[in-house]
Amino acid sequence: MILITGASGNVGREVVKQALAVGLNIRATFQSPDIAAKAPAGLEGVVMDYAKPDTIRPALRGVEKIFLVGPPVWDLPALEANFIKEVRAAGRPHVVKISALGGRESMFPSRHRDSEENIEASGLPYTFLRPNGFMQNLVNYNAGTIRSQNAFYGCQGNGAVSLVDIRDLAAVAVIVLAATGHEGKSYTLTGGETLTNGHIAEKLSGIAGHKISYVDLPPTEFKRVLLSAGTPEWSADALVDLQRLYREGKASMVTDNVERLAGRKPITFDQFARDYAFAW
Ligand SMILES: NC(=O)c1ccc[n+]([C@@H]2O[C@H](COP(=O)([O-])OP(=O)(O)OC[C@H]3O[C@@H](n4cnc5c(N)ncnc54)[C@H](OP(=O)(O)O)[C@@H]3O)[C@@H](O)[C@H]2O)c1
């Protein structure tokens with residue numbers, strides 16, 4: 001039995017889909033009973049909250065592997081630590097954690113590194129998947145202004161980034177969950193190419209059939225835009241800091257882990273942009 005947490009999220013949803021497609025025996029966790037009730041056929045849906053140990057224990061029954069997806073919030077390390085405490089009490093399942101590229105160099109990845117260190121210290125078998133920024137962020141966070149203003153905003157200047165498609169991340173996750181031999185390993189997951197936001201704007205323009213621009217803002221102005229859109233202050237600071245990492249070229253490395261583990265080349269940005277053409 002494999003437990004997939006955060007199954008309603010961007011990553012968890014795709015991992016559930018791909019795990020079901022290859023016939024894995026899965027249980028998936030949802031925060032909301034309504035969403036759990038609508039879980040896809042072929043899996044066991046359970047309601048679980050990382051902050052409520054009573055909801056974690058039943059989710060862990062009979063589980064040999066866990067795909068751990070914490071929410072991208074400040075208290076991620078504490079939420080995941082609550083969960084890991086219950087996992088240790090339940091046995092020795094292998095924990096495959098979604099982390100992030102960047103380690104201690106930026107705020108979001110640093111919160112993930114805190115949680116990684118806690119898992120390392122727990123004595124549980126683990127694998128860390130450390131993806132770069134997701135291509136799908138453009139759909140989730142930028143498609144609104146792309147459609148309404150033919151523009152998207154940021155403060156990463158000409159920093160090039162090897163964005164990864166969530167579908168590739170999920171393909172690697174399913175391989176690691178289905179196989180042995182990945183214990184104690186950390187995999188940095190990137191796309192196969194590095195692109196600036198200027199390149200991305202050109203590619204999206206080609207798909208949309210009209211000009212889409214990237215507008216680079218000073219970091220303080222970008223933070224103001226994020227706050228006015230309702231982003232919590234810590235998340236706004238962390239997003240601005242991530243763009244600083246991108247601007248400095250520290251998220252531009254290309255690894256071969258997707259190809260090596262999934263057995264095929266990473267999805268290109270062109271392919272992603274065509275597949276999500278409805279968004280532009
Ligand atoms: N976006 C990127 O470019 C990027 C890059 C590298 C790493 N990451 C990391 O990837 C991870 C997954 O990202 P994502 O986009 O899939 O996030 P997401 O869509 O926000 O999904 C988070 C999931 O966690 C669930 N959740 C939230 N709070 C919970 C709680 N207290 N107890 C139990 N479940 C809870 C959510 O349930 P609800 O749907 O009910 O809220 C949702 O299913 C994050 O840790 C993020 O930091 C992201």
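Since the structure is predicted, the reported quantities are computational estimates derived from the model, not experimental observations.

1. What about the layout of surface pockets?
Estimated volume of the second largest pocket: approximately 200 Å³. Lining the second largest pocket we find Asn10, Arg13, Glu14, Lys17, Gln136, Val139, Asn140, Ile166, Arg167 and Tyr276. Elements with a contribution of two residues or more to the lining of the second largest pocket: helix H1 (10-21), helix H6 (137-149) and helix H7 (166-178). Top element by residues in the lining of the second largest pocket is H1. It accounts for four residues. By residue class, the composition of the lining of the second largest pocket is three nonpolar, three polar and four charged.

2. Focus: the sheet that holds strand S1 (residues 2-4)
If you trace the seven strands from one edge of the open sheet to the other, you get S3-S2-S1-S4-S5-S6-S8, paired in parallel fashion. Two strands bound the open sheet, and with one partner strand each, they are strand S3 (44-47) and strand S8 (185-189). Between one strand and the next, the sheet's axes are offset by a mean angle of 20°, whatever the strand orientation. In the sheet, strand S2 (residues 26-30) pairs with S3 via four bridges, with the strands oriented parallel. When the bridges of S3 are listed, Thr29 appears paired with Val46. Helix H5 (residues 107-122) rests against strand S4 (65-68), strand S5 (94-98) and strand S6 (126-131) of the sheet, and its axis sits at about 170° to S6.

3. A short note on the packing of aromatic side chains
Across all of its chains, the model carries eight aromatic pairs by this definition. The interplanar angle of 80° and the centroid separation of 5.7 Å between the aromatic rings of Tyr50 and Phe83 together place this pair among those described as edge-to-face. One end of the pair, Tyr50, is in the loop between S3 and helix H3 (53-60); the other, Phe83, is in helix H4 (residues 76-90), with 33 residues separating them in the sequence. Judged by relative accessible area, which is 0%, Phe83 ranks as buried. Pairwise contacts between aromatic rings join Phe269, Phe272, Tyr276, Phe278 and Trp280 into one cluster. The ring of Trp74 has Arg111 sitting right over it, with the charged end atom 4.5 Å from the ring centre.

4. Regarding the site of the ligand
Near the ligand you find 24 residues, and of these Ser8, Asn10, Gly70, His112 and Asn137 are the closest. Asp49 places a side-chain nitrogen or oxygen 3.0 Å from a nitrogen atom of the ligand. At a separation of 2.8 Å, an oxygen atom of the ligand approaches a polar side-chain atom of His112. Classifying every residue of the shell around the ligand by side-chain character gives 12 nonpolar, 11 polar and one charged.

5. A closer look at H3
Turning to H3, its buried residues are Ile56, Ala59 and Leu60. End-on, the buried residues of H3 take up no more than an arc of 95°, which puts them together on one face. Close packing links the buried residues of H3 with S1, S2, S3, S4 and H4.

6. Describing H5
Residues three or four positions apart in an α-helix share a direction because the helix packs 3.6 residues into each turn. Between its first and last C-alpha atoms H5 spans 23 Å; for 16 residues at 1.5 Å apiece the expected length is 22 Å, and the two agree. On its buried face, H5 is in contact with S4, H4, S5, S6 and helix H10 (233-247). Once H5 finishes, Gly123 follows within two positions and takes phi at roughly 85°, a positive value.

7. Quick word on the pattern of salt bridges
Per the counting criterion, the structure on display carries 26 salt bridges. Measuring nitrogen to oxygen at the nearest pair gives 2.8 Å for the salt bridge that ties Glu86 to Arg57. You can see Glu86 sitting in helix H4 and its partner Arg57 sitting in helix H3, a full 29 residues away along the chain. The partly exposed category is assigned to Arg57, whose relative accessible area is 43%. Ionic pairing is found between Glu248 and Lys250, a salt bridge with its closest N-O pair at 3.1 Å. Glu248 gets classed as partly exposed once you look at its relative accessible area, which sits at 42%. By relative accessible area, which is 35% here, Lys250 ends up partly exposed.

8. Description of empty space enclosed by the protein
With the rule as written, the count across this model stands at one cavity of 30 Å³ or more. Within this model, the largest cavity holds a volume of roughly 40 Å³. Lining of the largest cavity is provided by Met135, Val161, Ser162, Leu163, Glu193, Leu195, Ile200 and Phe269. For the lining of the largest cavity, the residue count by class is six nonpolar, one polar and one charged.

How each quantity is defined
- Residues numbered from 1 in each chain as written.
- Predicted model: local features only at pLDDT ≥ 70, side-chain atom pairs only at ≥ 80, totals over all residues.
- Heavy atoms only, no water.
- 1 Å grid on protein atoms, 1.4 Å probe; cavity = no way out; pocket = protein on both sides within 12 Å on 5 of 7 lines; lining within 4 Å.
- Points joined across faces, edges and corners; volume = space filled by probe spheres on them.
- Helix = DSSP H or I, 4+ residues; strand = E, 2+ residues; numbered from the N terminus.
- Nonpolar A, V, L, I, M, F, W, Y, C, P; charged D, E, K, R; others polar.
- Pairing = 2+ DSSP bridges.
- Axes fitted to C-alpha atoms, helices over the stretch in contact; angles between N-to-C directions.
- Contact = heavy atoms within 4.5 Å.
- Phe/Tyr/Trp six-rings, centres within 6.5 Å; stacked < 30°, edge-to-face > 60°.
- Buried < 20%, exposed > 50% of the residue type's maximum accessible area, 1.4 Å probe, protein only.
- Lys NZ or Arg CZ within 6 Å of the ring centre and 35° of its normal.
- Near = heavy atom within 4 Å.
- Polar contact = N/O pair within 3.5 Å; in protein donor to acceptor, adjacent residues only side chain to side chain.
- Arc of directions from axis to C-beta.
- Expected span 1.5 Å × (residues − 1).
- Salt bridge = Lys/Arg side-chain N within 4 Å of Asp/Glu carboxyl O.

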